[in-house]
Amino acid sequence: MDIVIYGIVNSVTLALMALGFTLVYGVCRLPNFAHGSLYVLTGYITWILMNRVGLNYPLSMLGALVITGLIGAAMYQFILVRVRGMAISEIIASYAIGLAILEGLRWGGLKGGTFTLPPFIEGSVDLLGVSVDFQRLIVVAIGLALMALLWLFVTGTKLGLALKGMAQDERAAMTLGIDSDRMAVVSMAMGSVLAGIAALVLLPLGNIVVEAGYNVLIMAVAVCIVGGLGSWTGAILAAFVIGFAQILTIVLVGAHFQVVVALVAIIVTLILRPSGLFGQQKELEERV
Amino acid sequence: MVSEKKDRRKERLDRGIKVRTDGVYAVSSWLEMSYLLAPRLIFILGLLALPVLLYHLPYWQRVLSIICIYALLAIGFDFLANYVGLVSLGGGFYIGVGAYIAALLNTKLGLPPFVTIPAATFLGAAICTLLFLPCLPLRGVYFAIVSLMFPLLAARVIEAFDIFGGTDGILGVDGFGAAWMEQYLLLISVLVVVFVLRRLVDEDVGLVFRGVKDNDQAVKASGINITTYKALGVCIASALGCLGGACLAHSYMWAGISQFALDFSIIPIAATVVGGGGTLIGPVLGCLILVPISELLRDFGTLRIAVYAIILTGFIVFKSEGIMVYATRKYEQLERWVQI
């Protein structure tokens, strides 16, 4: 039973980490290597707003999300738009921005003492004989709610449909009057906010550390590769595959091997099915 | 682009001397010969003279060794990114593999440095190529992502399984006998590598490499196996990295997890972008500029990585051609504004 429950928690965690990355990649084909640093940044801004500025918890979370969204949008508007379409430059530029944020934080912010965010509700509950703390349940609830909301947003609203149109065929979308650069800014802002939401629900489970940024980036990327870059269904499914694989490895083999699971998953996927479980790219043209 | 005026544009013409030296008449006069030789000689002799010039500054002699190690890595990155089309964000992995192999051979088998360094170079290149082999069908973004994971995971695997000395690393590696030996070994390696690679990319095999980068479907259609060539490219680049790593292990007399660190992944990329990608000399120039800055910023800890990242972003967004390409253009061409 623990395997099932902790497997679900772990899988939703991974899905939360990956949602923003896959959104940005899906809409504007931009691998946002600064994803992990936006995650840590949101946690840090929340901490600052709470402990230095003195806002209450919900308000500072909201503030942090808004700020992260703006940073994400600004990052695209002022920097990444200039290298759009040059694959190598996009990777290097976004990776460099992410590094600047993370290492800047390590130098100037996150040092001396531990930085923690309080859980939303203290305590734990017995669920089918397994004790699970409320925060983990909230993670699952928010994760599932977020996926549902995103689905509604993409299928129901005009903006969501515009994003979807761009993801499917940018040129055709532009002929229908969808401003591709503006949509890209919107998607970067949304991707950053999604990274932020993931940070806010996940960080109370541990400390805010710089290393989390790299971990989140790696896990997000692993999930997206296994699921097929740019596919949401694939990403969510891959999150469950990797999530359960990790928990099973911990239980059956040992906690040490957990770090290798993601890499093995990627390599196996690449060998067996290079475009991922639900890849939208044609195998020959895009990846291989 | 910058000073855009409506009715004029910039015209670029090759200098006369450049055109003359392209042909067989290049050796007909001292002027033309020196036009060809001067930049090359300045580069080669300048590098060779550096240890002598820094004779009274032992600290900067060490920096010189580090510059060369980064330069080897950066040349590998430049070659892989601009000639084979594989962006490898995990340069630290090559350094780490080279350092660990050299350290293990030296401490466990007692082999001297002049055996362990070549051994680590070739063995490391083989190991890196084997590990990257499953990822080689990938292109662009996908390869970059996977290569980024290698050094991070390697460090964690060593930490988790407590192999190769775990978090302490391998201590007691033999050092080089004398400082000048270390520096000249590295400097000459850099020069030889630049010399060989610049010629290699003009050979037939270089043509195939560029084909793999620009249009791998066409290369495939010609009946050439692109994975073989990508593996060859990774093998060359990782050999350079492992050579640097092996020298690093002997230079610091230590091999450890921090050799998988981010510095080794980000500085070569920054150096390549600043120096000028695709020139193979640009990365060396970039290292000569960036690594001393890094040493000056050492007191600020990880801030220096942030500084690099900002320099890198600035260059890639605003001046993506790099210093070397810019300088070559100025050296070979006249620029003037013409009325349209």
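**Observations regarding the overall build of chain B**
(1) Moving on: Secondary structure assignment for chain B yields 14 helices and 4 strands.
(2) Moving on: A globule of 340 residues ought to have a C-alpha radius of gyration of about 20 Å, and chain B, at 21 Å, matches this closely.
(3) Moving on: With the C-alpha coordinates of chain B rotated into their principal frame, the extents come out at 70 × 55 × 40 Å.
(4) Moving on: Out of the 340 residues belonging to chain B, those deemed buried represent 46%.
(5) Moving on: Considering only intrachain contacts with a sequence separation of at least 6, the fraction spanning at least 24 residues in chain B is 78%.

**A few points about the overall build of chain A**
(1) Moving on: Scanning chain A from terminus to terminus reveals 12 helices and 2 strands.
(2) Moving on: Mapped from its N terminus to its C terminus, chain A presents α and β elements in the order α-α-α-α-β-β-α-α-α-α-α-α-α-α.
(3) Moving on: Against the globule reference of 19 Å for 288 residues, chain A gives a C-alpha radius of gyration of 19 Å, in line with a compact fold.
(4) Moving on: Taking the principal axes of its C-alpha atoms as reference, chain A extends roughly 55 × 50 × 35 Å.
(5) Moving on: Put simply, chain A has 288 residues, and 51% of those count as buried.
(6) Moving on: Once local pairs closer than 6 in sequence are excluded, the contacts in chain A between residues at least 24 apart make up 72%.

**Thoughts on the nonpolar core**
(1) Moving on: Judged by nonpolar contacts, the single largest core of 201 residues is most densely connected at Ala18 and Val223 of chain A together with Tyr70 and Ile75 of chain B.
(2) Moving on: Dropping the residues within four chain positions of it, tyrosine 70 of chain B is found in contact with Ile267, Pro268, Ala271, Cys287 and Val291 of chain B.

**So, the packing of helix 4 (residues 87-108) of chain A against helix 13 (residues 303-318) of chain B**
(1) Moving on: Two elements in contact, helix 4 of chain A and helix 13 of chain B, have axes separated by 8 Å at closest approach and are oriented at 155°. The angle between the axes of helix 4 of chain A and helix 13 of chain B places the two elements in the roughly antiparallel class. In this structure, helix 4 of chain A meets helix 13 of chain B at a crossing whose hand is left-handed. Every residue of helix 13 of chain B that contacts helix 4 of chain A at Ser89, Ile92, Ala93, Ala96, Ile97, Leu99, Ala100, Glu103, Gly104 and Trp107 of chain A is listed here: Leu303, Ile305, Ala306, Ala309, Ile310, Leu312, Thr313, Ile316 and Val317 of chain B.

**Comments concerning the environment of lysine 230 of chain B**
(1) Moving on: For lysine 230 of chain B, the location among the structural elements is in helix 10 (residues 226-252).
(2) Moving on: The residues touching lysine 230 of chain B, leaving out its near neighbours within four places in the chain, are Val84, Leu86, Leu136 and Val212 of chain B.

**A short note on the interface of chain B and chain A**
(1) Moving on: Contacts between the two partners involve 37 residues from chain B and, on the opposite side, 34 residues from chain A.
(2) Moving on: The greatest single-element share of the side of chain B that touches chain A, amounting to 13 residues, is contributed by helix 6 (residues 140-161) of chain B.
(3) Moving on: Class assignment of the residues belonging to the side of chain B that touches chain A gives a composition of 30 nonpolar, 5 polar and 2 charged.

**Digging into the pairing of strand 4 (residues 333-339) of chain B**
All names here are of chain B.
(1) Moving on: Among the 7 residues in strand 4, 0 count as buried, and that is only a small part of the element.
(2) Moving on: Direction of pairing for strand 1 (residues 8-14) relative to strand 4: antiparallel, over a ladder of 7 bridges. Looking at the pairing, aspartate 14 lines up with glutamine 333 of strand 4.

**Things to note about the confidence of the model for chain B**
(1) Moving on: Across chain B, pLDDT averages 83, with 96% of residues at or above 70.
(2) Moving on: Predicted complex, confidence summary: ipTM 0.75, pTM 0.81.

**A look at helix 3 (residues 57-79) of chain A**
Residues and elements named next belong to chain A.
(1) Moving on: Look at helix 3: 32 Å from first C-alpha to last across 23 residues, which is about the 33 Å you get at 1.5 Å a residue.
(2) Moving on: What helix 3 keeps buried is the set Ser60, Met61, Ala64, Leu65, Thr68, Gly69, Ile71, Gly72, Ala73, Met75 and Tyr76.
(3) Moving on: Buried positions along helix 3 lie against helix 2 (35-53), helix 4 and helix 8 (180-202).

**Considering the packing of helix 3 of chain A against helix 8 of chain A**
Residue and element names in this part refer to chain A.
(1) Moving on: Where helix 3 contacts helix 8, the two axes come as close as 7 Å, and the packing angle between them is 145°. Helix 3 and helix 8 meet at a crossing whose hand is right-handed. Residues Met61, Ala64, Leu65, Thr68, Gly69, Ile71, Gly72, Ala73, Met75, Tyr76 and Gln77 of helix 3 pack against Ala184, Val185, Met188, Ala189, Gly191, Ser192, Val193, Gly196, Ile197 and Leu200 of helix 8.
(2) Moving on: Across the contact of helix 3 with helix 8, the residue classes break down as 14 nonpolar, 7 polar and no charged.

**Points about unusual backbone geometry**
What you tend to see is this: most non-glycine residues have negative phi, and most peptide bonds are trans.
(1) Moving on: Look at leucine 280 of chain B: it is not a glycine, yet its phi comes out positive at around 70°.
(2) Moving on: Here leucine 280 of chain B is to be found in the loop between helix 11 (263-275) and helix 12 (282-296).

**Quick word on the confidence of the model for chain A**
(1) Moving on: With 91% of its residues at a pLDDT of 70 or more, chain A shows a mean pLDDT of 80.
(2) Moving on: Segment residues 282-288 of chain A: pLDDT under 50, and 12 contacts once partners within four positions in sequence are set aside and those in other chains are kept.

**So, the environment of leucine 99 of chain A**
(1) Moving on: You can see leucine 99 of chain A is positioned in helix 4.
(2) Moving on: With 28 C-beta atoms counted inside 10 Å, the residue leucine 99 of chain A sits in the buried group.
(3) Moving on: With 31 residues separating them along the chain, leucine 99 of chain A and threonine 68 of chain A place their C-alpha atoms 16 Å apart.
(4) Moving on: Once you skip the residues sitting within four places of it in the chain, leucine 99 of chain A turns out to touch Ile266, Ile305, Ala306 and Ala309 of chain B.

**Concerning the environment of asparagine 225 of chain B**
(1) Moving on: The topology assignment puts asparagine 225 of chain B in the loop between helix 9 (216-221) and helix 10.
(2) Moving on: For the pair asparagine 225 of chain B and valine 291 of chain B, spaced 66 residues apart in sequence, the C-alpha to C-alpha distance is 38 Å.

Parameters and conventions
- Residues numbered from 1 in each chain as written.
- Chains lettered and ligands numbered in written order.
- Predicted model: local features only at pLDDT ≥ 70, side-chain atom pairs only at ≥ 80, totals over all residues.
- Helix = DSSP H or I, 4+ residues; strand = E, 2+ residues; numbered from the N terminus.
- Rg over C-alpha atoms; globule rule 2.2 N^0.38 Å.
- Buried ≥ 20, exposed ≤ 12 C-beta atoms within 10 Å, placed from the backbone.
- Contact = placed C-beta atoms within 7 Å.
- Core = buried A, V, L, I, M, F, W, Y, C linked by C-beta atoms within 7 Å.
- Axes fitted to C-alpha atoms, helices over the stretch in contact; angles between N-to-C directions.
- Parallel < 35°, antiparallel > 145°, perpendicular 65-115°, else oblique.
- Left-handed = near helix turned anticlockwise from the far one by under 90°.
- Nonpolar A, V, L, I, M, F, W, Y, C, P; charged D, E, K, R; others polar.
- Pairing = 2+ DSSP bridges.
- pLDDT = per-residue confidence, 0-100.
- Expected span 1.5 Å × (residues − 1).

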